[in-house]
Amino acid sequence: MTLDIEKCTEVSEGFLSLMQRAADAAVQEEGLKEKTGAHILLCDDDMIRTYNRTWRGVDRSTDVLSFPLVGYPKGRTARDVPNRIAQAYDDDMDCCMLGDMIISVPHALAQAEEYGHSPEREFAFLVVHGLCHATASFPRAIRACSSFMSLRFQMALPISSTTPISSSPNSR
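Residues numbered from 1 in each chain as written. Predicted model: local features only at pLDDT ≥ 70, side-chain atom pairs only at ≥ 80, totals over all residues. Heavy atoms only, no water.

S.K.: In this structure, what is going on with the overall build of the chain? I would like to understand it.
M.R.: Helix and strand counts for the chain stand at 6 helices and 5 strands. For the chain, the sequential pattern of α-helices and β-strands runs β-α-β-α-β-α-β-β-α-α-α. Burial status across the chain gives 44% buried among its 172 residues. Taking the contacts inside the chain whose residues are at least 6 apart along the sequence as the reference set, 73% of them involve residues at least 24 apart. Looking at the chain as shown, the accessible area adds up to about 8,800 Å², and 50% of this sits on carbon and sulfur atoms. (Helix = DSSP H or I, 4+ residues; strand = E, 2+ residues; numbered from the N terminus. Buried < 20%, exposed > 50% of the residue type's maximum accessible area, 1.4 Å probe, protein only. Contact = heavy atoms within 4.5 Å. Areas by Shrake-Rupley, 256 points an atom, 1.4 Å probe, with all protein chains shown as cover.)

Pasting the structure below:
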């Protein structure tokens, strides 16, 4: 899967690599055969609050917003309609774009602390969660996210609690 990541806040290259592996695992779990992609904006709470207010009418920050680029028939997901995925082909990205995601870095960090797990686990989950929305994989989303978190996270994604989320000296 191709990720086009725009950073409005600094994150380490190792962290971006983790997000890529999480996205690859989610697409594999969904069973997509097409070359796919997504745009991810990493931002602060103020920026995601603006998007949340504009697009959802909710005036507060959140962890992740997802905007699918493909319309799916009721009860169908991305793997069920490859012709629709193919229609989302982007020449510049050289893949079929599934959608856009916005992730608030500070919100995700606070959630990781609140839930008592690593920032890496939280961000991997948010990427997978956003892609579940972008592929209309609900109600399969719970299974896909659970499968990723339990199997791939433990086996294919060795996570170090020392992986820095940010390359800036003021990071947590």
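S.K.: Help me understand the nonpolar core, please; the structure alone is not making it clear to me.
M.R.: Generally speaking, soluble globular proteins have nonpolar side chains that are buried together. Counting residues in hydrophobic clusters, the biggest one holds 36 residues, and the most contacted among them are Met19, Ile40, Leu42, Ile103, Val127 and Leu131. Among the elements of the structure, helix 1 (13–30), strand 2 (36–43), strand 5 (95–104), helix 4 (105–115) and helix 5 (119–134) are those that each provide at least two residues to this core. In this structure valine 127 touches Met19, Ala22, Ala23, Ile40, Met101 and Ile103, once residues within four positions along its chain are discounted. Counting residues in hydrophobic clusters, the runner-up holds 5 residues, among them Cys43, Ile48, Leu65 and Ile102. (Core = buried A, V, L, I, M, F, W, Y, C linked by side-chain atoms within 4.5 Å.)

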